[in-house]
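# Chain and residue survey
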Number of protein chains: 2
Amino acid sequence: MEAFTYKYPVQVYFGEQAAARSLPKELERIGQNVLLAYGGGSIKKNGVYDELRSILQNAGKTVTEFSGIMPNPTYAKVQQGAALAREHGIDFILAVGGGSVIDCCKIISAQAKLDADIWDFEYAQHGSPTDFIPMGAVVTAFGTGAEMNNGAVITNEEKKQKSPLWGAFYDFAILDPVYTMTMPMLQVMSGAFDSLSHCMEEYMGTPRTGNLTDELNEATQRSIIRNIRATLQTPQDKNVRSELMWAAAVAENGMLKIGKTTDFQCHMLEHQLGAYTDCNHGQGLAVLHPALYRRYLPEAAPQFARLATEVWGVDPNGKTEKELAEAFLNALSAFIREAGLPTALSEMGIPEDTDYAAIARSTIRTGGCIKKFDDQYLIDVLKECI
Amino acid sequence: MEAFTYKYPVQVYFGEQAAARSLPKELERIGQNVLLAYGGGSIKKNGVYDELRSILQNAGKTVTEFSGIMPNPTYAKVQQGAALAREHGIDFILAVGGGSVIDCCKIISAQAKLDADIWDFEYAQHGSPTDFIPMGAVVTAFGTGAEMNNGAVITNEEKKQKSPLWGAFYDFAILDPVYTMTMPMLQVMSGAFDSLSHCMEEYMGTPRTGNLTDELNEATQRSIIRNIRATLQTPQDKNVRSELMWAAAVAENGMLKIGKTTDFQCHMLEHQLGAYTDCNHGQGLAVLHPALYRRYLPEAAPQFARLATEVWGVDPNGKTEKELAEAFLNALSAFIREAGLPTALSEMGIPEDTDYAAIARSTIRTGGCIKKFDDQYLIDVLKECI
């Protein structure tokens, strides 16, 4: 896939050398003090850190570093970053990493400008913040599509809640597939499955009648599945990686949500699993999706049947809707194994004595879900996944 | 399809009552003097004019009217509008209509702020204008997707050139499918075919290898074809109209151009046909596409074959690539007849003695086209369509 620029409302710079081509110009119009935010330091191994530091230096910026943003970024880390941003009079945040870094900075950009505690602010129904430190994202691990929207999933360790908060859109996002070539295969698969999950969560929302949004969604799912398989064959294929990276963005840029109330019940359940176990997001989804979706039956049979034929290539001849729905569930489970993703919580090192009742109780129930799940229902799903 | 808001970078307000819901708020942040631009006055028959006038009045705006914007809007009309905007110190342009009104206002918004003659300015390679009067669009005739991009097709009668110019993006676009229910069926089909043509022109660009962009494109084409057929069955179905209206926007919002150099050779040929005959755009495309595409063979056989199976539902079993490509061309021609669109220039009232050589000579050759056409090649295409 060739390089392109595209606005949505985030200005996307996609392709090899995208940072070298676009970042110097973007830095011209921002303030002096830049917060360079990243995670555990993988960017120091793959050369991205050095490249960006020198671009920032050539632009004459004063750089403050904020590192160590963890997977499942915590509320405490957000507060730490916001304090640092205030202390150094930060004019611009450059977030370098995957969804965790990119989400964390969305909320830092809001908290730094907000006197109130942003968690209370948003959950006390005061609504979303409106004042932000402007930001740019450099994506080095793909899957979440976090660079394309203004939602952020933050773990409040004290409250044992991993919940969405609303921050700013990035001014720009730099997507260079080459930056992701050093991701370990399991992380690539976890991220790509997260993208597929986003599509399914959007697809399963209401209305569930066929429409353009769903057709675009089916196309995106087919593309992700095809390119996950291609990645397993040729892990270092840059075009395959480009397709997966862009599909991850498309899955979360709003296009597949148009005209729909989305589901995202599996995400909400996984978030609480993460809040209690700090597990990997994509892998948690891989374990939970089949078990949860089986409980969507029989209500979701028409959508599952459509996924079977339109996305998973199941031949409908001589099959009932119920049989097609089952075929989808089986194809999804088989694919998760094919991708080398876990199929049980135990494979993820999650102890059997985890407080599943507390996870179920604290799971947000979504309006777009085809079923209203009571606690026991969700406890059963979780226990089935042990 | 349900109402939604969506930014791209145009803020789209889609759905029934979208104007009543969104326009008052949008008017709050704009200046005092509004140019209300529209076409031949159909909006006075279907009530849209009265609705918008009262919203503008309630907002306390000073309104200057600019009416009579014609299909194939002329350069002279642009200059007239720009002079009017200067004269009245217009702060905001509200364009109400279809692609012609929406395109015309994009260039008025630029010319009103530009001392140079915008035609010379852009074609003398001074690049695109950067200063604009902000605008909003209310779409009452769909198909072009003009509200979603900053390109505008203007006819320079003196120079006998119908060419793209580059103006501003709209701040917002109001898409209420109900506003389009009074469109005559032939205009609905012409607009919808223009949307399908945009998809095909994007699809036929380079690279031509399968990718996510092309899969999204195929999904959009299937949706347009299905909903054109549904419109023929139930012309007043609001959901069908909504799907067509949104598909027209998707086809021109940039999503299907990502990572590709698009073709648009058929559009360029039709533009010059329009420059010389003032013919209807969608109908001109309907006549020209089959004849031009037949000349894309054999180079385009792989793409045509893919369109046959992925978009037109042709069973590939036992067919060669060449046979599938032919099947696509036949399906496209049959569909144009099915939609009640013309299949010959004579049906459009275009005289036989039209100066086809001049049309061919003045047709822009596009970089994304699979073939480089010399004048005679294009003359043959046009004559074949007589």
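Starting afresh in each chain, residues are numbered from 1 along the sequence in its written order. Starting at A for chains and at 1 for ligands, labels are handed out in the order in which the entities are written. Note on the predicted model: pLDDT of at least 70 is required for a residue's local features to be given, and 80 or more for side-chain atom pairs to be given and counted; whole-chain, interface and lining totals, by contrast, use all residues. Values reported for side chains reflect all heavy atoms of the structure, with hydrogen atoms and water molecules removed beforehand.

Glancing now at the overall build of chain A. Within chain A, the regular secondary structure consists of 15 helices and 9 strands. What you see for chain A is a C-alpha radius of gyration of 20 Å, in line with the 21 Å of a compact globule of 386 residues. Considered along the principal axes of its C-alpha atoms, chain A spans approximately 65 × 45 × 40 Å. Buried means the residue's accessible area, taken with a 1.4 Å probe over protein chains only, is under 20% of the maximum for its type, while exposed means over 50%, and partly exposed covers the values in between. The buried share of chain A, reckoned over its 386 residues, is 62%. For chain A, restricting intrachain contacts to residue pairs at least 6 apart in sequence, the fraction spanning at least 24 positions comes to 76%. Helix and strand assignments follow DSSP, with helices taken as H or I runs no shorter than four residues and strands as E runs no shorter than two, numbered in order from the N terminus. For the radius of gyration, the atoms used are the C-alpha atoms, and the globule rule reads 2.2 Å times the number of residues raised to 0.38. Contact definition: two residues touch when any of their heavy atoms are within 4.5 Å.

Bringing the side chain of histidine 289 of chain A into the picture now. Residues and elements named next belong to chain A. By the element assignment, histidine 289 lies in helix H11 (residues 281–294). Residue class for histidine 289 comes out buried when judged on its relative accessible area of 0%. Histidine 289 has contacts with Phe193, Ser197, Met200, Glu201, Cys266 and Leu332, leaving out every residue within four places of it along the chain.

Attention now goes to the nonpolar core. Phe304 of chain A together with Phe304 of chain B are the most contacted members of the largest nonpolar core, which totals 230 residues. Setting aside anything within four residues of it in sequence, one finds phenylalanine 304 of chain A in contact with Met204, Tyr293, Tyr296, Leu297, Leu324, Ala325, Phe328 and Leu329 of chain A. Definition of nonpolar core: a set of buried residues of the types Ala, Val, Leu, Ile, Met, Phe, Trp, Tyr and Cys, connected through side-chain atoms within 4.5 Å. Among the nonpolar cores identified, the runner-up in size contains 23 residues, and Leu23, Tyr38, Val96 and Phe172 of chain A belong to it.

Once that is clear, we can look at the packing of aromatic side chains. Residue and element names in this part refer to chain A. Pairing of aromatic side chains here covers Phe, Tyr and the six-membered ring of Trp, requires ring centres within 6.5 Å, and sorts the geometry by plane angle: under 30 degrees stacked, over 60 edge-to-face, intermediate tilted. Within this structure, the stated rule accounts for 28 aromatic pairs over all chains. Ring geometry for tyrosine 296 and phenylalanine 304: centres 6.4 Å apart, planes at 5°, overall stacked. Looking at tyrosine 296, the relative accessible area reads 0%, which means it is buried. What makes phenylalanine 304 buried here is its relative accessible area of 0%. A ring pair is formed by phenylalanine 373 and tyrosine 377, whose centres lie 5.0 Å apart and whose planes are at 75°; its orientation type is edge-to-face. Judged by relative accessible area, which is 4%, phenylalanine 373 ranks as buried. Through successive ring pairs, a cluster of aromatic residues spans Tyr293, Tyr296, Phe304, Phe328, Phe373 and Tyr377. The criterion is that NZ of a Lys, or CZ of an Arg, lies within 6 Å of the ring centre and within 35 degrees of the ring normal, and then a charge sits over that ring. In this arrangement the basic side chain of lysine 260 is found over the ring face of tyrosine 203, its NZ or CZ atom lying 5.5 Å from the centre.

Our focus in this paragraph is the packing of helix H7 (residues 185–203) of chain B against helix H9 (residues 238–251) of chain B. All names here are of chain B. Lines fitted to C-alpha atoms define the axes, with helix axes restricted to the stretch in contact, and inter-axis angles between N-to-C directions lie between 0 and 180 degrees. Packing of H7 against H9 brings their axes to within 9 Å, and their N-to-C directions diverge by 40°. Considering the relative orientation of H7 and H9, their crossing is left-handed. Where H7 approaches H9, its residues Val188, Ala192, Ser195, His198, Cys199 and Glu202 are matched on the opposing element by Arg241, Leu244, Ala248 and Ala251. A per-class count over the contact of H7 with H9 returns 6 nonpolar, 2 polar and 2 charged. Helix crossings get a hand from a simple test, with the near helix turned counterclockwise from the far one by less than a right angle marking a left-handed crossing and a clockwise turn marking a right-handed one. Asp, Glu, Lys and Arg are counted as charged, while Ala, Val, Leu, Ile, Met, Phe, Trp, Tyr, Cys and Pro are counted as nonpolar; the rest, among them Gly, fall into the polar class.

Now for the pairing of strand E7 (residues 151–156) of chain B. Put simply, side chains in a regular strand alternate between the two faces of the sheet. Residue and element names in this part refer to chain B. A large share of E7 lies buried, amounting to 6 of its 6 residues. A two-sided burial pattern is seen for E7, the buried positions comprising Gly151, Val153 and Thr155 on one face and Ala152, Ile154 and Asn156 on the other. Where E7 folds back onto strand E8 (residues 161–166) in an antiparallel hairpin, the turn is made up of 4 residues, including lysine 160, whose phi is positive at roughly 50°. Two strands qualify as a pair provided DSSP detects at least 2 bridges between them.

In this model, threonine 206 of chain B is joined to proline 207 of chain B through a cis peptide bond whose omega is -5°. Within the fold, proline 207 of chain B resides in the loop between H7 and helix H8 (212–233). You will see that asparagine 72 of chain A, though not glycine, has its phi angle at about 50°, which is positive. With respect to the secondary-structure elements, asparagine 72 of chain A resides in the loop between strand E4 (62–66) and helix H4 (75–87).

Okay, the confidence of the model for chain A next. A residue-level look at chain A finds 98% of positions with pLDDT of 70 or above and a mean pLDDT of 95. Two summary scores accompany this predicted model of the complex, namely pTM at 0.95 and ipTM at 0.94. Confidence of the predictor at the level of single residues is given by pLDDT, which spans 0 to 100.

Another point: helix H7 (residues 185–203) of chain A. Multiplying 1.5 Å by the helix residue count minus one yields the expected span of that helix. Along its 19 residues, H7 of chain A runs 27 Å from first to last C-alpha, staying within 8% of the 27 Å computed at 1.5 Å per residue. Extensive coverage of H7 of chain A is indicated by the burial of 16 of its 19 residues.

All names here are of chain A. For chain A, the assigned domains are domain 1 (11–180) and domain 2 (185–384). Across the contact, 26 residues belong to domain 1 and 29 residues belong to domain 2. Summed over both partners, the accessible surface that disappears when two parts come together, traced with a 1.4 Å probe, is what is meant by buried area. Here domain 1 meets domain 2 over a buried area of about 2200 Å², counting both sides, of which 62% is carbon and sulfur. Contact with domain 2 buries area across many residues of domain 1, yet Phe142, Lys160 and Lys162 alone supply 31% of it, more than any other trio. Whenever Lys or Arg places a side-chain nitrogen within 4 Å of a carboxyl oxygen from Asp or Glu, that contact is recorded as a salt bridge. At the junction of domain 1 and domain 2, the tally comes to 2 salt bridges. For this analysis, a polar contact is any N or O atom pair within 3.5 Å, provided that within protein one partner can donate a hydrogen and the other can accept it, and provided that sequence-adjacent residues contribute only side-chain to side-chain pairs. Where domain 1 meets domain 2, there are 9 residue pairs in polar contact (both at pLDDT 80 or more). Mapped by element, the contributors of at least two residues to the side of domain 1 that touches domain 2 are strand E2 (11–14), strand E7 (151–156) and strand E8 (161–166). For the side of domain 1 that touches domain 2, the leading source of residues is E8, giving 4 residues. Bear in mind that the domain bounds are from an automatic or database domain assignment.

So, about the pairing of strand E6 (residues 135–139) of chain A. Residues and elements named next belong to chain A. Summarising burial for E6: 5 of the 5 residues are buried, a large majority. Covered by surrounding structure in E6 are Met135, Ala137 and Val139 together with Gly136 and Val138, the residues of both alternating faces. Examined bridge by bridge, strand E5 (residues 92–97) and E6 share 5 bridges and lie parallel to one another. Within E6, the residue paired with isoleucine 93 across the bridge is methionine 135. Across 4 bridges, E6 lies against strand E9 (residues 172–175) in parallel orientation. Of the residues in E9, the one forming a bridge with glycine 136 is phenylalanine 172.

On to the pattern of salt bridges. In the structure shown here, the tally under the stated rule is 34 salt bridges over all chains. Of the charged contacts, one joins arginine 229 of chain A and glutamate 338 of chain A as a salt bridge, the two residues approaching to 2.9 Å between their closest N and O atoms. Residue arginine 229 of chain A is located in helix H8 (residues 212–233), and its partner glutamate 338 of chain A is located in helix H13 (residues 321–338); the two are separated by 109 residues in the primary sequence. Judged by relative accessible area, which is 39%, glutamate 338 of chain A ranks as partly exposed. In this structure, glutamate 384 of chain B and arginine 295 of chain B form a salt bridge, with 2.7 Å as the shortest nitrogen-oxygen distance. Residue glutamate 384 of chain B is found in helix H15 (residues 375–384), and its partner arginine 295 of chain B is found in the loop between helix H11 (281–294) and helix H12 (301–310); the two are separated by 89 residues along the sequence. A relative accessible area of 46% means that glutamate 384 of chain B is categorised as partly exposed.

Let us look at H12 of chain B. Among all positions in H12 of chain B, only Ala301, Gln303, Phe304, Ala305, Leu307 and Ala308 of chain B are buried. Against the buried residues of H12 of chain B lie H7, H8, H11 and helix H13 (321–338) of chain B.

Here we take up the side chain of glutamine 272 of chain B. Residue and element names in this part refer to chain B. For glutamine 272, the position within the fold is in helix H10 (residues 265–277). Glutamine 272 sits in the buried class, given a relative accessible area of 1%. For glutamine 272, the side chain forms a polar contact with the main-chain nitrogen of lysine 162, separated by 2.9 Å. Apart from the residues within four sequence positions on either side, glutamine 272 is in contact with Lys160, Gln161, Lys162, Ile359, Ser362 and Thr363.

Let us look at the state of the cysteines. Disulfides are defined as pairs of cysteine sulfur atoms found within 2.5 Å of each other. Counted under the stated rule, the structure contains 0 disulfides over all chains. For cysteine 199 of chain A, which is in no disulfide, the shortest distance to another cysteine sulfur is to cysteine 266 of chain A and amounts to 14 Å. Looking at the unpaired cysteine 279 of chain B, the closest cysteine sulfur is the one in cysteine 266 of chain B, lying at 11 Å.

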